Amino acid sequence: MTVLHRNDPSRAPLTGNIKVTREDWLAQARDLLISHGVTQVKILLLAEAMGVSRSSFYWYFKDRAELLGALLDSWATDNSAGILAMAARPAPTITAAVCNIFRCVIEPDLYNMPADFAVRAWARSDADVAAKVAHTDAMRLDALSQMFARHGFDPREAETRAYVLYYMQIGYDFAMQDEPVATRIARIPHYLQVFTGQVPRAEEVAEITALGHRYWRER
């Protein structure tokens, strides 16, 4: 008789005709975290949402605490990847480099802002989560500081500009302003000048505003 092991990825469980994977559980948990908060990330609710048996959960996770730990780890890794990649992306000018960071809040595949908000709300009631958020913020800020430093800013100014860029964007989206797309896009060149102290090139503005028109109008 073959023994099936919970952590054996080659033997994923089947519930009816539905193949449920570890990523399915994490994705559903992430959706529930965003929509209802961590208190509602419960095994039974997740199973009901996916239309599967609760028993399939235990192929991948020992308990709810393990699921929440994996959810937090995946947020720290996956939701930082776009920011880190864009910060490290070669750019001819600092304004072009900041345009790369703007892509993270324009292109939904690069950064999930609602997930960030949900984890920060979770952190207010959990010291371990708060520590993870602080560590993740520090990692992102360091990448942004290095981006500014590569374009000639001294370390203190590079760090300060990184803080302004990062926390302004978080606060801006958290405020959920009822702002017309055209207004937000029209401000992009002015934001670039504020964040960098330099006037952006016309082609840089044209590229990033075209991206904004494409994605923001699609939402």
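For clarity, every value in this text was computed on a predicted model and none was experimentally measured.

Novice: Lay out the overall build of the chain in plain terms, naming residues and giving numbers.
Specialist: Looking only at helices and strands, one finds 10 helices and two strands in the chain. With 219 residues in all, the chain has 44% of them scored as buried. Sequence-distant contacts, at least 24 apart, represent 67% of the contacts inside the chain between residues at least 6 apart. A total of about 12000 Å² of accessible surface is found on the chain, and carbon and sulfur atoms cover 55% of it.

Novice: I'd like a rundown of the packing of aromatic side chains, residues and numbers included.
Specialist: Tallied over the entire structure, the rule returns eight aromatic pairs. With a centroid separation of 5.3 Å and 80 degrees between ring planes, the pair formed by W25 and F57 is classed as edge-to-face. Within this pair, whereas W25 is found in helix α1 (residues 22–36), its partner F57 is found in the loop between α2 (43–50) and α3 (64–88), the two being separated by 32 residues in sequence. Like W25, the residue F57 is buried in the burial classification. Taken together through their ring pairs, the aromatic side chains of W25, F57, Y58 and F61 make up a single cluster.

Novice: Can you tell me about helix α9 (residues 188–196), naming the residues and giving the values?
Specialist: Considered for burial, the residues of α9 that qualify are I188, L192, F195 and T196. Down the axis of α9, the buried set is contained in an arc of 80 degrees. They therefore lie on one face. Across from the buried face of α9, at angles greater than 90 degrees, the exposed residues are H190 and V194. Note on α9: the residue one or two positions beyond its end, G197, has a positive phi of about 75 degrees.

Novice: Account for the pattern of salt bridges, with residues named and values stated.
Specialist: Inspection of the entire model under this criterion finds seven salt bridges. Between D116 and R120 there is a salt bridge, with the nearest N and O atoms lying 3.3 Å from each other. Here D116 and its partner R120 are both found in helix α5 (residues 113–123), four residues apart, which amounts to about one turn of the helix. Assigned by exposure class, D116 and R120 land together as buried. In this structure, R120 engages D137 in a salt bridge whose closest nitrogen and oxygen atoms are separated by 2.8 Å. Residue R120 is located in helix α5, and its partner D137 is located in helix α6 (residues 127–150); the two are separated by 17 residues in the primary sequence. For the pair R120 and D137, one class covers both residues: buried. Members of the salt-bridge network, linked through shared partners, are D116, R120, D137 and R140.

Novice: Please set out empty space enclosed by the protein residue by residue, giving values where relevant.
Specialist: Inspection of the entire model under this criterion finds three cavities of 30 Å³ or more. Of the voids in this model, the largest cavity is the one considered here, and its volume is about 140 Å³. Considering the residues around the largest cavity, the lining is formed by I83, I101, F102, C104, V105, Y111, L144, L165, Y166, Q169 and I170. Looking at the lining of the largest cavity, the elements with two or more residues in it are α4 (94–106) and α7 (155–174). Here the residues of the lining of the largest cavity are counted per class, giving 10 nonpolar, one polar and no charged. Within this model, the second largest cavity holds a volume of roughly 120 Å³. F102, V105, I106, M168, Q169, Y172, R184, I188, Y191, F195 and W216 together form the lining of the second largest cavity. Put simply, the parts of the chain that give the lining of the second largest cavity at least two residues each are α4, α7 and α9. Residue composition of the lining of the second largest cavity, grouped by class: nine nonpolar, one polar and one charged.

Novice: Kindly report on the layout of surface pockets, identifying the contributing residues and their values.
Specialist: Taken as a whole, the second largest pocket encloses approximately 220 Å³ of empty space. Around the second largest pocket sit 13 residues that line it, and A96, C99, N100, E204 and E207 are the ones nearest its centre. Among the secondary structure elements, those contributing two or more residues to the lining of the second largest pocket are α4 and α10 (202–218). Looking at the lining of the second largest pocket residue by residue, the class counts come to six nonpolar, one polar and six charged.

Analysis parameters
Residues numbered from 1 in each chain as written. Predicted model: local features only at pLDDT ≥ 70, side-chain atom pairs only at ≥ 80, totals over all residues. Heavy atoms only, no water. Helix = DSSP H or I, 4+ residues; strand = E, 2+ residues; numbered from the N terminus. Buried < 20%, exposed > 50% of the residue type's maximum accessible area, 1.4 Å probe, protein only. Contact = heavy atoms within 4.5 Å. Areas by Shrake-Rupley, 256 points an atom, 1.4 Å probe, with all protein chains shown as cover. Phe/Tyr/Trp six-rings, centres within 6.5 Å; stacked < 30°, edge-to-face > 60°. Arc of directions from axis to C-beta. Salt bridge = Lys/Arg side-chain N within 4 Å of Asp/Glu carboxyl O. 1 Å grid on protein atoms, 1.4 Å probe; cavity = no way out; pocket = protein on both sides within 12 Å on 5 of 7 lines; lining within 4 Å. Points joined across faces, edges and corners; volume = space filled by probe spheres on them. Nonpolar A, V, L, I, M, F, W, Y, C, P; charged D, E, K, R; others polar.

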